[in-house]
Amino acid sequence: MQISLYKFVRYFLSSGDSLTSSQYIAYINMLIGLSTGKESAEHCFLLLQNTSNVYELQSAKISLNHIFTALCSYHETFKMGSTAGNKRAGSVGAGGGATFGGAPSGVGGATQTTPGAMVNFTQKELQALISVTKLIKQIALHNEKARLVLYEYNNNKSDFNSQYPNCINENSFTSATQSLSNILFGLVTCPIPIMLKSELLNLLATFALAPQLATNMWSQLEKSQLLVTVPQTAATASMMTMGSVKCDIRSELDETETRDECYPLLRAFLSLLLNLISLSAQVPDNLGIGIRPKESVLGFQPYLQFLVNSVYLKFYHRAYKWESQQEKWEIANLTLEIFFQLIQKCEMSAGEFQRLMAQSGELGAVNELNAYLNVIKRSNYSILFELIQNGPLARMLFLLLNDSTNFLFDENYSATALGKAPEKAMMRRSRKMMLDEMRALIEKTAQISLRLIDLLVDRQEMLVDLMKSLNLNTNEMGIEKLLLSINPNTNKADCFQSLLSFIIYNQFSYRSSVTHESASLIRHSYDSLR
């Protein structure tokens with residue numbers, strides 16, 4: 001069986017016959033299905049790498065070199081500020097040149113009719129691009145060695161047995177403009193379809209699973225301005241706008257995904273941030289140096305403001321398609337997990353605080369108390385500061401926990417949560433299947449919310465003690481006080497009642513984790529109130 005499979009996989013690479021666009025996509029999808037483990041992903045990488053070397057003269061279309069060359073071609077044609085006019089990009093697939101999608105030799109399937117227009121892909125070409133992106137992601141996900149090589153892959157450096165696995169460090173990466181990572185960061189700021197852009201970001205999020213790459217990826221993310229952190233002038237605005245098409249994540253969210261009621265790009269961006277934050281020793285506090293103006297705040301703050309103002313606080317204000325309502329809870333889980341990781345990495349000390357004061361220019365200010373508050377609100381500690389007082393962030397956290405409780409314990413609430421399904425959507429997915437998926441995600445939301453509140457009880461002490469030493473008012477601060485106060489969502493003091501309900505929760509797969517988190521939080525809160 002293995003010999004037959006080997007011969008079948010190799011046949012299309014060695015026969016010299018051109019694949020049709022449908023065959024090309026099917027073949028790539030087959031490779032994705034086979035690359036489900038460390039060893040199989042390594043074999044798939046070597047297959048694509050060896051094909052690049054052995055069949056280069058035959059212009060093999062299923063090879064790393066061909067995929068890389070095609071992505072470079074797209075990036076060069078559609079990058080920001082392009083004045084190519086009617087220039088065509090080669091499509092990648094079965095045709096001649098660097099092509100995806102079976103376009104005739106020398107003719108691309110994707111065209112840009114004006115310098116500022118959204119790129120128009122044929123359906124086959126778009127499917128082929130998405131498939132090869134998923135293939136690279138699958139290989140990188142299951143094999144760390146291949147992940148490191150692919151991140152810096154270019155036509156001249158593709159040795160799987162190179163120094164990367166053993167000798168890699170965060171300073172070993174070059175800034176070559178033609179590495180795969182640079183091409184990917186460039187493409188996600190181009191006017192390309194949302195589904196393709198989200199898959200490219202998912203690939204970058206997979207690369208971010210390697211801690212060695214974190215520093216380099218933070219730098220590349222900032223340089224790409226996927227999230228605009230540099231104040232916009234007429235010159236800089238043109239870099240992120242092609243005609244009437246804005247390509248940064250905020251514009252895509254507000255103008256495209258919100259209209260479509262579907263958020264694959266936002267979920268991919270949140271996954272990228274979560275992986276970078278989770279696997280970085282610390283979120284770089286000098287992020288943006290040399291890119292942002294001197295008077296701008298360095299660090300993660302612009303990204304945090306986007307997460308809070310454009311994602312977290314607008315969670316209930318955005319519409320979601322009936323068949324994609326689980327996206328709402330996936331976005332909530334990713335956002336809460338990012339908050340958890342940020343707070344977990346906070347290490348507040350008097351010396352650190354003085355350094356931030358000096359960096360901000362507030363040291364020695366006339367109104368020193370306001371200066372202290374301004375520094376806290378502009379630092380990475382702001383999320384901790386906002387969540388332990390009665391404000392919109394804390395109210396949203398309790399609203400999520402309240403909704404989770406209602407969904408999991410109130411059958412009438414969960415039965416009406418989805419609303420009436422469109423007829424076509426009901427044909428594709430059963431209501432029971434949707435409810436089961438949502439229940440699993442909402443259980444996870446409850447678990448993350450409880451873990452976050454428990455962490456707040458633990459970490460707020462260092463911030464409150466520091467503020468007391470600076471004579472700042474802390475009377476209204478403390479997450480345990482909010483737990484005992486009136487729940488703004490029900491107008492009752494029932495937050496602890498919700499926590500106790502999770503103690504006896506014993507019906508679903510997440511019950512042990514939720515029960516443990518709830519019990520831990522109650523114990524921790526009681527200790528804080530003594």
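Since this is a predicted model, take the numbers as computed values, not measurements.

Colleague: Mind showing me how you'd approach the overall build of the protein chain here?
Modeller: A count of helical and extended segments in the protein chain gives 25 helices and 4 strands. For the protein chain, with 530 residues in total, the buried portion stands at 54%. Excluding contacts between residues fewer than 6 apart, the proportion of contacts in the protein chain whose partners are at least 24 apart in sequence is 69%.

Colleague: How should helix α10 (residues 214-224) be read in this particular structure?
Modeller: The buried count for α10 comes to 8 of 11 residues, which makes it a mostly enclosed element. Along α10, the residues classified as buried are Ala214, Asn216, Met217, Trp218, Gln220, Leu221, Glu222 and Ser224. In this structure, the buried residues of α10 make contact with α6 (144-151), α8 (180-187), α9 (194-207), α13 (264-279) and α14 (301-312). Just past α10, the residue Gln225 takes up positive phi, approximately 55 degrees.

Colleague: Just checking my understanding: could you explain the side chain of Thr133 for this structure?
Modeller: Its place among the elements puts Thr133 in helix α5 (residues 123-142). Its relative accessible area of 3% is what places Thr133 among the buried residues.

Colleague: Can you help me understand the environment of Phe407 in this one?
Modeller: Within the secondary structure, Phe407 sits in helix α19 (residues 392-409). Judged by relative accessible area, which is 2%, Phe407 ranks as buried. C-alpha separation for the pair Phe407 and Glu443, spaced 36 residues apart in sequence, amounts to 9.2 Å.

Colleague: Would you mind showing me how to read unusual backbone geometry here?
Modeller: Trans is the common state for peptide bonds, and a negative phi is the common state for residues other than glycine. Unusually for a residue other than glycine, Gln225 sits at a positive phi of about 55 degrees. Along the chain, Gln225 turns up in the loop between α10 and α11 (234-239). Even without being a glycine, Glu261 presents a positive backbone phi close to 60 degrees. For Glu261, a relative accessible area of 30% gives the class partly exposed.

About the cut-offs
Residues numbered from 1 in each chain as written. Predicted model: local features only at pLDDT ≥ 70, side-chain atom pairs only at ≥ 80, totals over all residues. Heavy atoms only, no water. Helix = DSSP H or I, 4+ residues; strand = E, 2+ residues; numbered from the N terminus. Buried < 20%, exposed > 50% of the residue type's maximum accessible area, 1.4 Å probe, protein only. Contact = heavy atoms within 4.5 Å.

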